[in-house]
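One letter stands for each residue in the lines below.
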Amino acid sequence: MKKDSEISRMFRYAGNRHWLTVMGMILAGLSTVLSMVPFVCIWFVVRDMINALIKGDISLAEHSSTYAWMAAGFAALSILLYFAALCCAHLAAFRTATNMKKAAMHHIIKLPLGYFSQNASGKLRKVIDDNAGLTEDFLAHQLPDLTGAFVMPVAVIVMIFVFDWRLGLCCLVPLVISVLFMKQMMGGDNAHFMEGYMTALETMNKEAVEYIRGIPVVKVFQQTVYSFKNFHAAIEEYEKYASGYALKCRIPLTGFNVALNGTFILLIPVACMIFSGVSGQAAYQEVILDFLFYSLFTPVCATMMNRVMFASEQLMAAKSAVKRIEEVLNEQPLPETNAPEQPADASITFEHVTFAYPGTEEKALDDVSFEIPAGKTVALVGASGSGKSTAAKLVPRFYDVTGGRVLVGGIDVKNIDKQTLMDRIAFVFQNTKLFKDTLLENIRAARPEASREQAMLAAEYAQCGEIVDRLPNGLDTIVGNLSGGENQRVALARAILKDAPVVILDEATAFADAENEHEIQLALEKLTEGKTVLMIAHRLSTIQDADMILVFDGGRIIEHGTHESLLAANGRYASMWRDYQTSVNWKVGKEAR
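Residues numbered from 1 in each chain as written. Predicted model: local features only at pLDDT ≥ 70, side-chain atom pairs only at ≥ 80, totals over all residues. Heavy atoms only, no water.

A.B. asks: When you look at the pattern of salt bridges in this model, what are you seeing that I'm missing?
C.D. replies: Evaluated as defined, the whole model comprises 13 salt bridges. The salt bridge involving Asp366 is made with Arg556; its shortest N-O contact spans 2.9 Å. Here Arg556 lies in strand S12 (residues 556-561) and Asp366 lies in strand S2 (residues 365-372), a separation of 190 residues in the sequence. Of the residues examined, Asp366 reaches a relative accessible area of 18% and is grouped as buried. On the basis of relative accessible area, Arg556 is assigned to the partly exposed category, the value being 41%. In this structure, Asp476 engages Arg452 in a salt bridge whose closest nitrogen and oxygen atoms are separated by 3.0 Å. With a gap of 24 residues between them, Asp476 in the loop between helix H16 (465-470) and strand S8 (478-479) and Arg452 in helix H15 (residues 452-461) connect regions that are remote in the sequence. A residue is classified by how much of its surface remains accessible, and Asp476, at 38% relative accessible area, is partly exposed. Assessed through its relative accessible area of 36%, Arg452 is described here as partly exposed. One salt-bridge network, in which partners are shared between bridges, spans Glu466, Arg470, Glu486 and Arg489. (Salt bridge = Lys/Arg side-chain N within 4 Å of Asp/Glu carboxyl O. Helix = DSSP H or I, 4+ residues; strand = E, 2+ residues; numbered from the N terminus. Buried < 20%, exposed > 50% of the residue type's maximum accessible area, 1.4 Å probe, protein only.)

Right under this line is the structure:
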């Protein structure tokens, strides 16, 4: 079965307004045909005026005013039809762009959270918002023009051969040459230019967002040159496509313009040859009138071809935009079971789990097995990239395992309803995001139906009372961002309010200062009371009381046990603990000798 074209798929997004697109194209085509009639009427006026002057009889020009009014009437009618075409096209375009954005947004909320770890917000905004905007511009403006641009050649070819086929051929030859030059610009390797160009533009947009977000850190550490490296590389990649395409097109574009504007190079010599080959005043007059018509009509041909070229360029952009939107729509959400099962308790079990991130072959986890009984706390430690954060992400199904099983309450997470699974897990990550909303709504994001009193109680348990008292409107203060430690306490308040039986803590004290860390520890004690806890921490002092500590290295568990037993074993964990103690006791000053 033949795959639908990008344009066909674009039309489908218009829903029940797709007929407006078709109507807009029909009206634009009629407008184009009618826009050529005034040139014929003007030629009739010129013909009658010349006859009247030559023969000295003004009555021969009595119909000139009629032709003039006809020219004005057809021009006005052409404008009205074009206006109607644009109205139809805009209505359909608005619906198409809206439906594209809705389809993309409704789809991405079904995708696993791991997808967003691999696709930056700047890139997704560019793909969804800007590409939908490109299709809107194309359908609203360029498609009517493109329709007219393809209708006009038929009408032009008919008209240029009506009066004199020889002069018509002189007008047709430059058009054919201009089409060949335009094919060089739009075809071959350049046909895939727009896809690479849009990719480079998205990358540059993503790097720009990341660079701007990191400006405070850049300024503090005076690392402007190094921080600009990725952004600069993205700009250079974009420049390669933009300037490269321009350089490739400089010769074809010059030839295109010369061919269109060089019609008179053929028209004048051929008219002179025709003029020299006839005799008699009537024949001379007919040749002159035909030449005047083609002189008036030639600029229309140039305008037509320019419209074809620019509309074709926009068509390439629109096709690329549809493909990029559909790349998002083609991302598959994690499969859901048709017969969901209920977890028996809050225990967590890893059975020979193997996992590799999408698009990579290297295993992030390799045959990992462990169990966290309900109500117990297990800490994962290890160097960066050892696999501990990956293991935590597999419990709530940010990703699905490549091999083995992850179970919650004795049930494979793949067989638990997605909403049920998420309701049973509370998260506190090291990079906490606050919404541009009140502190109350930020806390209540975990449980929107919670009362104000419940949210305030969770805030107090999370040691946020001082934050609430300090803000001008308390819980009703709009907050966009607080300090790192304060953000963490708000995240803890969310998790406390949710009151889920399983808690996942990923570097929850990473950005806390000494004072905030103490407050966060108090909040953690309240949050984890009676819960099953999977904790990831670099500060080993925070996990001494864990029921079990798992030491990760290279995606495997190399040691496990309590804090005391691991120290007694004098292995990797003991070495990490000694290094940690050294870093804690280190002070600024001269090294002791």
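A.B. asks: It is not clear to me how the sheet that holds strand S6 (residues 425-428) should be interpreted in this structure. Could you clarify?
C.D. replies: Two strands in a sheet stick together by hydrogen bonds in their backbones, pointing the same way (parallel) or opposite ways (antiparallel). Strands sit in the order S6-S9-S10-S3-S11-S12 across an open sheet of 6 strands; the sheet is mixed. Edge positions in the sheet fall to S6 and S12, since each of these pairs with one other strand and no more. Between one strand axis and the next, the sheet turns by 20° as a mean value, whatever way the strands run. In this sheet, strand S10 (residues 532-536) lies alongside strand S3 (residues 377-382) in parallel orientation, the contact comprising 4 bridges. Directly across from Leu380, in S10, lies its bridge partner Ile536. (Pairing = 2+ DSSP bridges. Axes fitted to C-alpha atoms, helices over the stretch in contact; angles between N-to-C directions.)

A.B. asks: Can you help me understand the sheet that holds strand S5 (residues 411-412) in this one?
C.D. replies: Spatially, 4 strands are ordered S2-S1-S4-S5 in an open sheet, and the strand pairing comes out antiparallel. On the outer flanks of this sheet lie S2 and S5, each paired with one strand and no other. In this sheet, S5 lies alongside strand S4 (residues 403-408) in antiparallel orientation, the contact comprising 2 bridges. The residue bridging Leu407 from the neighbouring strand is Asp412, located in S5.

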